[in-house]
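# Results of the structural survey
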Amino acid sequence: MSVSANDNSTKVSVRGFLAKYSVLIAFAAIVVFFAVASPTFLTPANLFNVLVNNVVMLAIVALGLTIVISSGGIDLSVGVSVDVASMVFVMLLAGGYSGVAGVAGGLGAALIVGILNAILITRLNISPFLATLGVLFIGQSTQQLATSGGQPIYLTSGYASDQFNAIARTALFGVPTPVIVLIVLAIAVHVLLHRSVFGRYVQAMGAQPGVAWYSGIRVPRELSMVHVLCALLAGVTGILLSATVKSYVPLSGNAFLLDAIGATFIGTTLSRERKPSVVGTLLGVLLLAIVKNGLLLVGWNFYWQQVGIGVLVFLVLAASFGLRRAAH
Amino acid sequence: MSATALHPEVGVSDEKQAAAKSAGRRFGALVVRLGAIAAFAAIMAYFVIFAPGFTSTFNLINVVEQSAILGVLAYGMTAVIIGGGSDVTEGGIDLSIAANMGLCAAVYATLLSMGYGDLLSVLAAIAVGMAVGALNALAVVGLGILPLLATLAVLNVAAGMELTLTQNTVVGASSPLLGLLVSGSFLGISALAWALIVFSAIVIAVIHGTAFGLRLYAVGGHPEAARAAGLSVPFYVSFTYVLSGFCAAVASILTVSRLSASTPGSGELLLSVLAAALLGTVFSRRFVPTMGGTLLSVLFIGLLANGFQLLNVSSYWVNGVQGALILLVVAITSFARGSEGSR
């Protein structure tokens, strides 16, 4: 492969370079564009706002999906994990339980979703797409039944509000707690996925499931772990979400699903084999967040933002896939 | 996990045993398939006995009417899955189909409210739907983007364009065509129900009754073999995405007629469309997506919602039961297929 004609290979490598770094190039171009178009874009206050409001929660969900997609699967039920964690957390606080109990209960609820997915996928041999689609439907019904058709629960004052503030409105060395949570989780998932034996197993299952099985990897066990971790990470987002908006709004978690899938796959364009990575995913999340924020600042309304994001994701994917195809 | 599929070296003495095994498995698959269908039948029988008015002609036609929109969309999705292969992460899938319907409905209703005639408005809606389908085809076939990703990006574009066009409001619409679809009837069956019947007949005839349809299955089932046999794989795959866009446009006209308006939130149909297309595989002998199977599962989903309504069960149960059924059917199916590579 590397022994090709010289004049040809330089052209190919330029294309390969463009394909590999198309996300980074797009990212830089977009930052420059918005910096010129809007004076407020590059101000610390705005960037801080983007980080806290648009990046943290989506990024944590996307970290979970990065693990699942690395293993060759998908989790369509991340929104349910976000929602049930949020629901149990808010209901426990409304019942007067402590913040710690609320967080534990919320994560426990997400854990149940993860275990359910794991059982369906590893014991009943259902493909991840269909298993998590089924769980998504069931999760939506469960929430509607538990909230008499989707009534939100607001806890904007009193005891619960203080507990929410303790999570969402505190800071360590000037860094808001949710951002610290993201940093810790991102480092943990990076180490787990790219520097640990478990990570090797996950990558192997994603690349060659049959070979992984024959190599003695306990595929069901590792795969169960993958889905439990993904659900738990989504649960963390659910708790941060409730603490930030001081309420539980049924069926709101689904909004993360498509963006998180998009961010993870944008991240895969960084690697030649199209493998998801934590760095790539975070870059994908940042790209989506900056475009949303930038379009808002230059005066596009909410509706046009969606068109803008769709077109942008399309162009990034087209550049990456198209150029790589041309390079081969 | 497909493990035994990777064992090519089956000894000669094992051949008989293997044949017996495969016959046994085939029998098992038959039992399972009949079992799944029997479960469907049992649910229907329960409704027939306990749900008041379930079997009345009026009610059944009502179900067919309600199923028309989901059905037309599910045909588009089924075509894409047939042509692209049924591997859900790498195979054919059109996530943009429901958003595309919303966009077409917005275009149709907006043009009507601006005073343009039915002909122009319908043509415009169909052109928009097929253009979105062509964009998907360009992304998947031309640029080689994974269908899941390409159609996800197009979903955002289509949904955003619908919002910019309608400003997230309800656009009321009325026209002779809509009037006909709402109140017209022939042989005692309403026009909306006829729309589903006729559309189903055409789609089933084309996909299951022509050489074209057979080639489409070949392209989806084994692209390399299809290419070696001289079929233009890109053409067939592109066709399915454009057809899917066309189906979205047809469904948009039905939905505007049903609601007398284009309304936001059509994207929510996506999951039901996927469920219908995937659930339909259980009605086929080799567990592949078929148009007939899709029709049956669409009607089944419609009857399920209707039966619950008649029994006064909260509609919040419908999604959950639908989800549980998908899991049940797929678990049984994968059990029946055993280790024959059902990953």
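Rules of the game
- Residues numbered from 1 in each chain as written.
- Chains lettered and ligands numbered in written order.
- Predicted model: local features only at pLDDT ≥ 70, side-chain atom pairs only at ≥ 80, totals over all residues.
- Heavy atoms only, no water.
- Helix = DSSP H or I, 4+ residues; strand = E, 2+ residues; numbered from the N terminus.
- Buried < 20%, exposed > 50% of the residue type's maximum accessible area, 1.4 Å probe, protein only.
- Contact = heavy atoms within 4.5 Å.
- Areas by Shrake-Rupley, 256 points an atom, 1.4 Å probe, with all protein chains shown as cover.
- pLDDT = per-residue confidence, 0-100.
- 1 Å grid on protein atoms, 1.4 Å probe; cavity = no way out; pocket = protein on both sides within 12 Å on 5 of 7 lines; lining within 4 Å.
- Points joined across faces, edges and corners; volume = space filled by probe spheres on them.
- Nonpolar A, V, L, I, M, F, W, Y, C, P; charged D, E, K, R; others polar.
- Salt bridge = Lys/Arg side-chain N within 4 Å of Asp/Glu carboxyl O.
- Buried area = accessible area lost by both parts, 1.4 Å probe.
- Polar contact = N/O pair within 3.5 Å; in protein donor to acceptor, adjacent residues only side chain to side chain.

In terms of regular secondary structure, chain B is built from 13 helices and four strands. Looking at chain B as a whole, 51% of its 343 residues qualify as buried. Summarising the internal contacts of chain B: among those between residues at least 6 apart in sequence, 78% fall at separations of at least 24. Surface exposure of chain B reaches about 14,800 Å², of which carbon and sulfur atoms provide 68%.

Residue and element names in this part refer to chain B. Here chain B averages 79 in pLDDT, and 85% of its residues register 70 or above. Counting interchain partners and residues more than four positions distant, the pLDDT-below-50 stretch residues 1-13 has 14 contacts. Counted against residues more than four places away or in other chains, residues 339-343, with its pLDDT under 50, gives 13 contacts.

Moving on: empty space enclosed by the protein. Using a probe with the size of a water molecule, rolled over the atoms, empty space left in the structure can be pinpointed. In total, this model carries one cavity of 30 Å³ or more according to the counting rule given. Along the walls of the largest cavity sit 13 residues, with L258, G262 and V313 of chain A together with L152 and N156 of chain B positioned nearest its centre. Residue assignment for the lining of the largest cavity shows that the elements contributing at least two residues are α12 (254-268) and α14 (302-327) of chain A together with α5 (147-166) of chain B. Take the lining of the largest cavity: its biggest share by element is five residues, from α12 of chain A. Classifying every residue of the lining of the largest cavity gives 10 nonpolar, two polar and one charged.

Bringing the pattern of salt bridges into the picture now. Scanning all chains against the criterion turns up three salt bridges over all chains. A salt bridge links R221 of chain A to E222 of chain A; its shortest N-O distance comes to 3.6 Å. Exposure remark for R221 of chain A: the relative accessible area of 48% places this residue in the partly exposed category. Residue E222 of chain A is classed as buried on the basis of its relative accessible area, which comes to 6%. The residue R258 of chain B makes a salt bridge to E65 of chain B at a minimum N-O spacing of 3.6 Å.

Before going further, it helps to spend a moment on the interface of chain A and chain B. Counting residues at the interface gives 44 residues for chain A, matched by 49 residues for chain B. Summed over both sides, the interface of chain A with chain B buries roughly 4,400 Å², with 76% coming from carbon and sulfur. Three residues, F137, Y303 and F314 of chain A, lead the burial of chain A against chain B; their summed loss comes to 17% of the area buried on that side. At the boundary of chain A and chain B, one finds zero salt bridges. Our count for the chain A to chain B interface comes out at one residue pair in polar contact (both at pLDDT 80 or more). Every element with two or more residues in the side of chain A that touches chain B is listed here: α6 (128-146), α10 (209-214), α12 and α14 of chain A. In terms of residue class, the side of chain A that touches chain B is built from 28 nonpolar, 15 polar and one charged.

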